[in-house]
Amino acid sequence: MDARSLEILRAVHVQGGVTAAAATLHLTPSAVSQHVAGLQREVGVPLTERVGRGLRLTAAGVALADAAVDVAVALERARGAVDAYLARPAGVVRVSAFQSGAQLLLPALLSRVADLEGVVVECSDEDVAQDDFVALTDQVDVVVAHRPDDGRSWSAPGVEVVPLLREPLDVAVPPDHPFARRRSVPPGELAGVDWVAVREGFPVATVLAAVARRSGDAPRVVHRINDFHVAASFVAAGHGVALLPRYTFVDDPRVRLVPLADVRAGRRIDALLRADRAERVVVRRVLDELRALADRIGGPTAS
């Protein structure tokens, strides 16, 4: 029972099917199926079952996938012990973040690790729907993800969730807007305004829905823009208001950020990583720097 086949079985479990696992692992669906079939011959019980046109793991397959996580963790723990013994946490750590989180955290993270001998951080940006962040942990070492304030967290076998930061969401208006000089604005005064909002399924859309419930009026969304910088440009030109993250846009001269009154609006920023990769000393070192950076900005419980 080789480690590669166990890794592939785990990917089928986390990604929800052979095709999705194949895309993540850069293999063909046929190659993934062959690995799973080989494991099935070894254990002597069915590991997959057909559902419609696709395959899913049986209870035995899920149990073996969970065991694969334990094997991977043990291997990385052994490597980590060697690194710790040699006192040289070195290597490449791949970090991804959603776009505005990348802007807020990644340049400063690179500066913090620049003097760590042997540590190389490679960054990428991945802005996906909330439910899709966990799948990215199969592709990179540390995934910086966001979710609605007080919303559900992520749950997946073998994935560790590390809280980093709570970032308030404020109402962004043009500098000459009547709200621009206000200390705060209650949801009731936002009834009937035009909104520049993110697409459904993304964390800020959930926060806007909560604001709308407090105002008693469904938000009038006139534009769906996921890129906050583009949304800020729309706001600056007078084409609506938007919810923008406070720490990321506090110094943007195009908009004024006005806190919401009587409603807790924000997003949680977490780091997600596979349990086996969390055992690598170099990954832990980079994660420690990321947490220290987040603490300086506001920390996981900042209001």
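Heads up: these notes are all about the structure in this document.

Here is what the cut-offs are and how they apply
Residues numbered from 1 in each chain as written. Predicted model: local features only at pLDDT ≥ 70, side-chain atom pairs only at ≥ 80, totals over all residues. Heavy atoms only, no water. Helix = DSSP H or I, 4+ residues; strand = E, 2+ residues; numbered from the N terminus. Buried < 20%, exposed > 50% of the residue type's maximum accessible area, 1.4 Å probe, protein only. Contact = heavy atoms within 4.5 Å. Areas by Shrake-Rupley, 256 points an atom, 1.4 Å probe, with all protein chains shown as cover. Pairing = 2+ DSSP bridges. Salt bridge = Lys/Arg side-chain N within 4 Å of Asp/Glu carboxyl O. 1 Å grid on protein atoms, 1.4 Å probe; cavity = no way out; pocket = protein on both sides within 12 Å on 5 of 7 lines; lining within 4 Å. Points joined across faces, edges and corners; volume = space filled by probe spheres on them. Nonpolar A, V, L, I, M, F, W, Y, C, P; charged D, E, K, R; others polar. Axes fitted to C-alpha atoms, helices over the stretch in contact; angles between N-to-C directions. Parallel < 35°, antiparallel > 145°, perpendicular 65-115°, else oblique. Left-handed = near helix turned anticlockwise from the far one by under 90°.

**Focus: the overall build of the protein**
Inference 1: Within the protein, the regular secondary structure consists of 10 helices and 11 strands.
Inference 2: A burial count over the protein gives 47% of its 303 residues as buried.
Inference 3: For the protein, contacts bridging at least 24 residues in sequence account for 75% of all contacts bridging at least 6.
Inference 4: In the form shown here, the protein has an accessible surface area of approximately 14,200 Å², with 51% of it arising from carbon and sulfur atoms.

**Regarding the pairing of strand S7 (residues 194-197)**
Inference 1: Here S7 pairs with strand S8 (residues 220-224) via 4 bridges, running parallel. Residue pairing across strands places Trp-195 opposite Val-221, the latter belonging to S8.

**Observations regarding the pattern of salt bridges**
Inference 1: The tally for this structure, following the rule as stated, stands at 18 salt bridges.
Inference 2: We note a salt bridge from Asp-138 to Arg-274, for which the minimum N-O separation is 3.1 Å. Of this pair, Asp-138 sits in the loop between strand S4 (119-125) and strand S5 (142-148) while Arg-274 sits in strand S11 (residues 266-274), placing them 136 residues apart in sequence. In terms of burial, Asp-138 and Arg-274 fall into one category: buried.
Inference 3: When the shortest N-O distance is used, the salt bridge between Asp-149 and Arg-268 registers 3.2 Å. Here Arg-268 lies in strand S11 and Asp-149 lies in the loop between S5 and strand S6 (159-173), a separation of 119 residues in the sequence. Arg-268 matches Asp-149 in its accessibility class, with the two residues each being buried.

**As for empty space enclosed by the protein**
Inference 1: Enumeration over the complete set of coordinates arrives at 2 cavities of 30 Å³ or more.
Inference 2: In this structure, the largest cavity encloses a volume near 80 Å³.
Inference 3: Every residue lining the largest cavity is listed: Trp-195, Val-196, Ala-197, Val-198, Val-204, Ala-205, Leu-208, Ile-225, Phe-228, Ala-231, Ala-242 and Leu-243.
Inference 4: Those elements giving two or more residues to the lining of the largest cavity turn out to be S7, helix H6 (203-215), helix H7 (228-236) and strand S9 (242-245).
Inference 5: In the lining of the largest cavity, the residues fall into 12 nonpolar, no polar and no charged.
Inference 6: Within this model, the second largest cavity holds a volume of roughly 70 Å³.
Inference 7: Around the second largest cavity, the lining comprises 14 residues; the ones closest to its centre are Leu-190, Trp-195, Ser-215, Asp-217 and Pro-219.
Inference 8: Here the lining of the second largest cavity takes 4 residues from H6, the largest share from any one element.
Inference 9: Broken down by class, the residue content of the lining of the second largest cavity amounts to 10 nonpolar, 2 polar and 2 charged.

**Describing the environment of Asp-149**
Inference 1: On the basis of relative accessible area, Asp-149 is assigned to the buried category, the value being 11%.
Inference 2: As for Asp-149 and Arg-264, which are separated by 115 residues in sequence, their C-alpha atoms are 7.8 Å apart.
Inference 3: In this structure Asp-149 touches Arg-166, Val-207, Arg-264, Ala-265, Gly-266, Arg-267 and Arg-268, once residues within four positions along its chain are discounted.

**So, the packing of helix H5 (residues 99-113) against helix H10 (residues 281-297)**
Inference 1: Where H5 contacts H10, the axes come no closer than 10 Å and their chain directions differ by 125°. By the angle between their axes, H5 is oblique relative to H10. Between H5 and H10 the crossing geometry is right-handed. Counted together, Leu-104, Leu-105, Ala-108, Leu-109, Arg-112 and Val-113 of H5 and Val-286, Glu-289, Leu-290, Ala-292, Leu-293, Arg-296 and Ile-297 of H10 form the full contact between these two elements.
Inference 2: For the contact of H5 with H10, the per-class residue count stands at 10 nonpolar, no polar and 3 charged.

**Observations regarding the side chain of Ser-96**
Inference 1: Secondary-structure assignment places Ser-96 in strand S3 (residues 91-97).
Inference 2: When its relative accessible area of 1% is taken as the criterion, Ser-96 is described as buried.
Inference 3: Once residues lying within four places of it in the same chain are set aside, the contact partners of Ser-96 are Ser-124, Glu-126, Leu-136, Val-140, Val-142, Val-143 and Val-144.

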